[in-house]
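The residues making up each chain are set out below.
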Amino acid sequence: MGDRVVLGYWAIRGLAQPLRFYLEYLGLPYEEKRYYKPEEWFADVTSAPLNQHVLVNLPYIKDGDELVFESQALYVYLAYRANKPELLGQNPKEQVTLASVRGVLQDLFKSLIALFTIPEDQFEAKKDDFFNQEVLWIAEKLSKFLENQKWAVGDNLTYIDFQLFEAEEILRNYKPEVFTTLVGLQKHNENFANLPVIKAYQVSDKMIARPFYPPGMYRWG
């Protein structure tokens, strides 16, 4: 293990933004390796030590000689690294609920990506129908689930709340008039944003406000 972990990812929010919030919350010393151009990533991924790993991908965590890939695995590694395994769920019920919410969230993120990658010449004509038919029902389901509890698994914060917050931020920025009707998501969003460490991070110079997605490849972000 190293003195500071390194989070490698593109210089956008994307898959890494919840991990940035997570690292801040965990209090682990860390630094970022932000890739601004594809050639920067290609130079690293074809060189040691990254080129020695079959599963190499973005985002990644480098911790001394240890390298971890795939975003879901990073949450598990970092929870143990920070001696906070409770963020993985404190009992079987929480762990099962976390996995269920993660599955719904993955569906939501996939639908949002499909929305924002509609061909440019079709986006204006199709975006509202696509959102209403393919995205909104998933958001409504999550919102209903969260209406009577503080966090995704109940009373205790877990790593899935960090991913949930990022989904909420996308919805809040893209469709603010719709987001205000999603009471459960809005309440969760406010609870998370008001965590002292998250509030401080969001006004720091480390925070990436935009883009959510790679410019030019997505219709919004």
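In this text, all values refer to a predicted model and were calculated from it rather than measured experimentally.

Colleague: Looking at this model, I keep getting lost on the UniProt feature "domain: GST C-terminal" (unreviewed entry) in the chain. Mind explaining?
Modeller: Within the UniProt annotation, "domain: GST C-terminal" (unreviewed entry) is assigned to residues 91-212. Regarding residues 91-212, the helix share stands at 73% and the strand share at 0%, and the terminal C-alpha atoms are separated by 33 Å.

Colleague: What am I meant to see in the packing of aromatic side chains here?
Modeller: How two aromatic rings sit relative to each other is set out by the distance from centre to centre and by the angle between their planes. Applying the stated rule across the entire model yields 21 aromatic pairs. Seen in terms of ring centroids, W151 and F192 are 6.4 Å apart; in terms of plane orientation they differ by 85 degrees. Their pairing is edge-to-face. Of this pair, W151 sits in the loop between helix 5 (120-146) and helix 6 (160-174) while F192 sits in helix 8 (residues 183-193); the two residues are 41 residues apart in sequence, bridging distant segments of the chain. There is no split in this pair, since W151 and F192 are both buried. Plain terms: the ring middles of Y174 and W220 are 5.3 Å apart, the flat faces sit at 70 degrees to each other, and that makes the pair edge-to-face. Here the residue Y174 occupies a position in helix 6, and W220 occupies one in the segment after helix 9 (196-202), the gap between them amounting to 46 residues. Classification of W220 as buried rests on a relative accessible area of 16%. Members of the aromatic cluster, connected to one another through ring pairs, are F21, Y22, Y25, Y75, W151, Y159, F162, F165, F192 and Y201. Directly above the aromatic system of Y25 lies the positively charged group of K84, at a separation of 5.3 Å from the ring centroid. Over the face of the ring belonging to F131 we find K175, whose NZ or CZ atom lies 5.5 Å from the ring centre.

Colleague: Explain the pattern of salt bridges here, please?
Modeller: Pairing of side chains with opposite charge becomes possible as their charged atoms draw close. In the structure shown here, the tally under the stated rule is eleven salt bridges. One salt bridge in this structure joins E166 and R13, with 2.8 Å as the shortest N-O distance. On the criterion of sequence distance, the pair formed by E166 in helix 6 and R13 in the loop between strand 1 (5-10) and helix 1 (17-26) is long-range, its members being 153 residues apart. One continuous salt-bridge network, built from bridges that share partners, spans R20, E32 and R34.

What counts and how
- Residues numbered from 1 in each chain as written.
- Predicted model: local features only at pLDDT ≥ 70, side-chain atom pairs only at ≥ 80, totals over all residues.
- Heavy atoms only, no water.
- UniProt positions renumbered as here; feature names shortened; annotations may be inferred.
- Helix = DSSP H or I, 4+ residues; strand = E, 2+ residues; numbered from the N terminus.
- Phe/Tyr/Trp six-rings, centres within 6.5 Å; stacked < 30°, edge-to-face > 60°.
- Buried < 20%, exposed > 50% of the residue type's maximum accessible area, 1.4 Å probe, protein only.
- Lys NZ or Arg CZ within 6 Å of the ring centre and 35° of its normal.
- Salt bridge = Lys/Arg side-chain N within 4 Å of Asp/Glu carboxyl O.

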